Amino acid sequence: MSNEQLADLTQPQRDRLAFVELRVRFIGEIRRQDLVTRFGIQSAAASRDLALYKELAPGNIDYDSKGKSYILGPDFRPVFDFPPERVLSWLTQGFGDGEPMRLKAWVASESPSRLTHPDLDVLANVTRAIHQGRPLGIEYHSISSGCTEREIVPFALIDNGLRWHVRAFDRKSQEFRDFVITRIRRPVVLKGQPVAPHEMSDQDIQWTRIVELELVPHPDQPRPEITEMDYSMRDGVLRMKLRAATAGYILRKWSVDCSPDHSLRGHEYRLWLRDHLAIYGVRNAVLAPGYSAPDTAGAGAEFD
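Residues numbered from 1 in each chain as written. Predicted model: local features only at pLDDT ≥ 70, side-chain atom pairs only at ≥ 80, totals over all residues. Heavy atoms only, no water.

> Sorry if this is basic, but what is going on with the environment of L213 here?
Relative to the assigned elements, L213 resides in strand β9 (residues 210–217). For L213 and Y291, which are 78 residues apart along the polypeptide, the C-alpha to C-alpha distance reads 14 Å. Ignoring any residue separated from it by four or fewer positions in sequence, one finds L213 in contact with L238, R239, M240, L242, L251, L273, A278 and I279. (Helix = DSSP H or I, 4+ residues; strand = E, 2+ residues; numbered from the N terminus. Contact = heavy atoms within 4.5 Å.)

See below:
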């Protein structure tokens, strides 16, 4: 699709075609009803949009008569240049799926850029495998093991504040682990392989376990009332419920002192985990500042 062809379309048409591309590239399929639901158009208009996209981007989508949907074509070439942040916000929060554009802000604002971004072709294979419930063959580069070939069964994305992970069952270690998406190469969705019951997310104890945390102003920091204001605390406490699989990341991101005697010093430690035993048994608790479990055997085994 040339820039001239795009320029001849109305902005609503371009937005709908961008949505078609997002769905097919990152989910693997799109139906007329997806367009009808998302944009409030008639079925006939949705059919015209799909036909137009197929005409303007040959090879990007194919019709699957069995599934009655359009699926990713073998010669897919992206038409729209989506920034990774937009794609991830759409995947995880469900908005931002119009054509990528620089829009004028309503008020002046500035957000720091991430230092790392996942490759969108890698991300697309990961998210299609998640949506379709299929295993994924990958080449994975880890600090401890170097480059290895693996088969994983992914089921969720995790943003740890610094980089994106995918939560998956690892057939090599026979464990549920977090894989850094930027370290994945040559991903292939394995369409002919079944997923065993023990590889599914409901068998991931760290994912299904919910931990309840009570964060309070750090006892050794001045002006606790300011910390209460900053974090909208009630009665001096910020209560959180987190999946065990994400708790260590969150506590590290917010520099929460997780030592039992609030012994960490530094201006960044404005919060203290009132009961450090609340994260006992959380495997990524080794990431939490100041935390030390009675038994740390196997610590760090589920992320690499």
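There is more to say, and it comes next.
> What's the story with the sheet that holds strand β6 (residues 164–170) in this structure? I'm lost.
Taken together, five strands build an open sheet; the order of strands is β7-β6-β5-β4-β8 and the sheet is antiparallel. Two strands close off the open sheet at either side, each with one partner strand: β7 (175–180) and β8 (184–189). Each strand axis lies, on average, 45° off the axis of its neighbour in the sheet, ignoring direction. Two strands pair when backbone bridges link them, and strand β4 (residues 136–142) and β8 are joined in this way by four bridges, in the antiparallel orientation. The residue of β8 that forms the bridge with G137 is V188. Relative to strand β5 (residues 146–159), helix α6 (residues 120–132) is tilted by about 65°, and along the sheet it contacts β4, β5, β6 and β8. (Pairing = 2+ DSSP bridges. Axes fitted to C-alpha atoms, helices over the stretch in contact; angles between N-to-C directions.)

> Could you clarify how one ought to interpret the pairing of β6 in this entry?
A regular strand carries its side chains on alternate faces of the sheet. Burial of β6 is extensive: seven of the seven residues sit out of reach of the surface. The side-chain alternation of β6 yields two buried faces, one formed by W164, V166, A168 and D170 and the other by H165, R167 and F169. One ladder, built from seven bridges, connects β5 with β6; its direction is antiparallel. If you follow V153 over to β6, its bridge partner there is F169. Two successive antiparallel strands, β5 and β6, enclose a turn made up of four residues, where G161 displays a positive phi of approximately 95°. Examined bridge by bridge, β6 and β7 share six bridges and lie antiparallel to one another. (Buried < 20%, exposed > 50% of the residue type's maximum accessible area, 1.4 Å probe, protein only.)

> What is the right way to look at the nonpolar core in this model?
Of all hydrophobic cores here, the largest spans 47 residues; its most connected members are F26, I30 and L35. No other element matches helix α2 (residues 11–26), which puts seven residues into this core. Other than its neighbours up to four places away in sequence, F26 contacts V87, W90, L91, L120, L123, A124, T127 and R128. Formed by 19 residues, the second largest nonpolar core is a distinct cluster that contains L251, V256, A285 and Y291. (Core = buried A, V, L, I, M, F, W, Y, C linked by side-chain atoms within 4.5 Å.)

> So what exactly am I meant to see when it comes to the sheet that holds strand β2 (residues 61–64) here?
Two pairing modes exist for strands in a sheet, parallel and antiparallel, and in both the strands are linked by backbone hydrogen bonds. The strand order β1-β3-β2 describes an open sheet built from three strands, whose pairing is antiparallel. Each end of this open sheet is capped by a strand with a single partner; those strands are β1 (29–30) and β2. Across four bridges, the pairing between β2 and strand β3 (residues 69–72) is antiparallel. What sits directly across from I61, in β3, is L72.

> Explain the pattern of salt bridges here, please?
One side chain can pair with another of opposite charge once the charged atoms of both are near each other. Throughout the structure, instances matching the rule amount to 19 salt bridges. Ionic pairing is found between E225 and R223, a salt bridge with its closest N-O pair at 2.5 Å. Take E225: its relative accessible area is 35%, and that puts it in the partly exposed class. Overlapping salt bridges, with partners in common, bring together E151, R171 and E199 in one network. (Salt bridge = Lys/Arg side-chain N within 4 Å of Asp/Glu carboxyl O.)

> Looking at this structure, I do not really get the packing of α2 against helix α3 (residues 32–39). What am I missing?
When two helices pack together, their arrangement is given by the angle between their axes and by how far apart the axes lie. Close contact between α2 and α3 brings their axes to 11 Å; oriented N to C, the two are set at 130°. One way to sum up the angle between α2 and α3 is to call them oblique. The handedness of the crossing between α2 and α3 is right-handed. Between α2 and α3, the contacting residues are D15, R16, F19, V20 and R23 on the first element and D34, L35, R38 and F39 on the second. The class makeup of the residues in the contact of α2 with α3 is four nonpolar, no polar and five charged. (Parallel < 35°, antiparallel > 145°, perpendicular 65-115°, else oblique. Left-handed = near helix turned anticlockwise from the far one by under 90°. Nonpolar A, V, L, I, M, F, W, Y, C, P; charged D, E, K, R; others polar.)

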